Amino acid sequence: EAGVAQSPRYKIIEKRQSVAFWCNPISGHATLYWYQQILGQGPKLLIQFQNNGVVDDSQLPKDRFSAERLKGVDSTLKIQPAKLEDSAVYLCASSFLQGVGTEAFFGQGTRLTVV
Amino acid sequence: GENVEQHPSTLSVQEGDSAVIKCTYSDSASNYFPWYKQELGKGPQLIIDIRSNVGEKKDQRIAVTLNKTAKHFSLHITETQPEDSAVYFCAASPGGVNKFYFGSGTKLNVKP
């Protein structure tokens with residue numbers, strides 16, 4: 001079975017520019033997550049979707065970050081405008097069910113560097 | 001919200017020795033505790049998990065223990081091998097939704 005696909009793998013932008021990341025979850029997985037992983041830290045949840053609806057976006061900096069999941073499949077995460085502190089790896093994950101105790105599968109991530 | 005603390009941040013062992021990584025959590029509603037292994041340039045991968053109705057779970061060289069009263073859980077790796085070298089994350093998931101709070105990670109180095 002194909003895993004979670006993310007693109008691009010790497011992105012370097014200047015501060016105040018905009019950037020978008022794309023994620024294709026495992027086929028049939030209803031739940032999709034975007035995590036931010038700053039170097040040396042554990043992943044932090046930004047937003048969680050169940051199909052195309054938002055379950056939790058309490059940690060998403062909504063003044064600059066936005067995310068959507070059209071048709072309940074692919075998802076995009078956008079940052080506009082980017083700040084230096086947004087430099088991190090952005091991980092997408094998906095799980096089959098929303099219920100507790102369901103394994104989340106992670107993609108390889110997009111490493112963003114803001115200069 | 002849930003707060004997960006993980007220790008140590010780095011761990012260096014000789015090949016064949018055992019490694020233990022410990023985590024504590026704050027939310028008594030948490031009832032699912034996965035452990036992830038992250039190799040350089042890759043996303044985290046689940047290696048073992050435990051639910052709150054179980055005190056211990058073992059899978060070959062890997063075991064996890066859970067103490068609900070003390071709100072801590074641990075990962076035990078026996079007979080370590082160089083390929084076990086990676087960053088390990090613990091996580092806790094409160095009941096209701098499948099949402100994960102991660103620890104800060106432990107970088108394990110297994111010396112040949």
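Model, not experiment: these values are computed from the prediction. (Residues numbered from 1 in each chain as written. Chains lettered and ligands numbered in written order. Predicted model: local features only at pLDDT ≥ 70, side-chain atom pairs only at ≥ 80, totals over all residues. Heavy atoms only, no water.)

### Re the environment of Thr-113 of chain A
Residues and elements named next belong to chain A.
Thinking step 1. By the secondary structure assignment, Thr-113 is in strand β11 (residues 110-114).
Thinking step 2. Exposure remark for Thr-113: the relative accessible area of 32% places this residue in the partly exposed category.
Thinking step 3. Separated by 102 residues in sequence, Thr-113 and Lys-11 place their C-alpha atoms 6.3 Å apart.
Thinking step 4. If we skip the residues at most four places from it in the chain, Thr-113 touches Lys-11, Ile-12, Ile-13 and Ser-87. (Helix = DSSP H or I, 4+ residues; strand = E, 2+ residues; numbered from the N terminus. Buried < 20%, exposed > 50% of the residue type's maximum accessible area, 1.4 Å probe, protein only. Contact = heavy atoms within 4.5 Å.)

### Concerning the state of the cysteines
Thinking step 1. Inspection of the entire model under this criterion finds two disulfides over all chains.
Thinking step 2. The side chain of Cys-23 of chain A participates in a disulfide bridge whose partner is Cys-92 of chain A; the two sulfur atoms lie 1.9 Å from each other. In this structure the cystine formed by Cys-23 of chain A and Cys-92 of chain A twists about its S-S bond by roughly -70°; its chirality is therefore left-handed. Residue Cys-23 of chain A is found in strand β3 (residues 19-24), and its partner Cys-92 of chain A is found in strand β9 (residues 88-95); the two are separated by 69 residues along the sequence.
Thinking step 3. Residue classification places Cys-23 of chain A among the buried residues on the basis of a relative accessible area of 0%.
Thinking step 4. When its relative accessible area of 0% is taken as the criterion, Cys-92 of chain A is described as buried.
Thinking step 5. Note on cysteine connectivity: Cys-23 of chain B is disulfide-linked to Cys-90 of chain B, with sulfurs 1.9 Å apart. The disulfide joining Cys-23 of chain B to Cys-90 of chain B has a torsion of about -100° about its S-S bond and is therefore left-handed. Of this pair, Cys-23 of chain B sits in strand β3 (residues 19-25) while Cys-90 of chain B sits in strand β9 (residues 86-94), and the two are 67 residues apart along the sequence. (Disulfide = S-S within 2.5 Å.)

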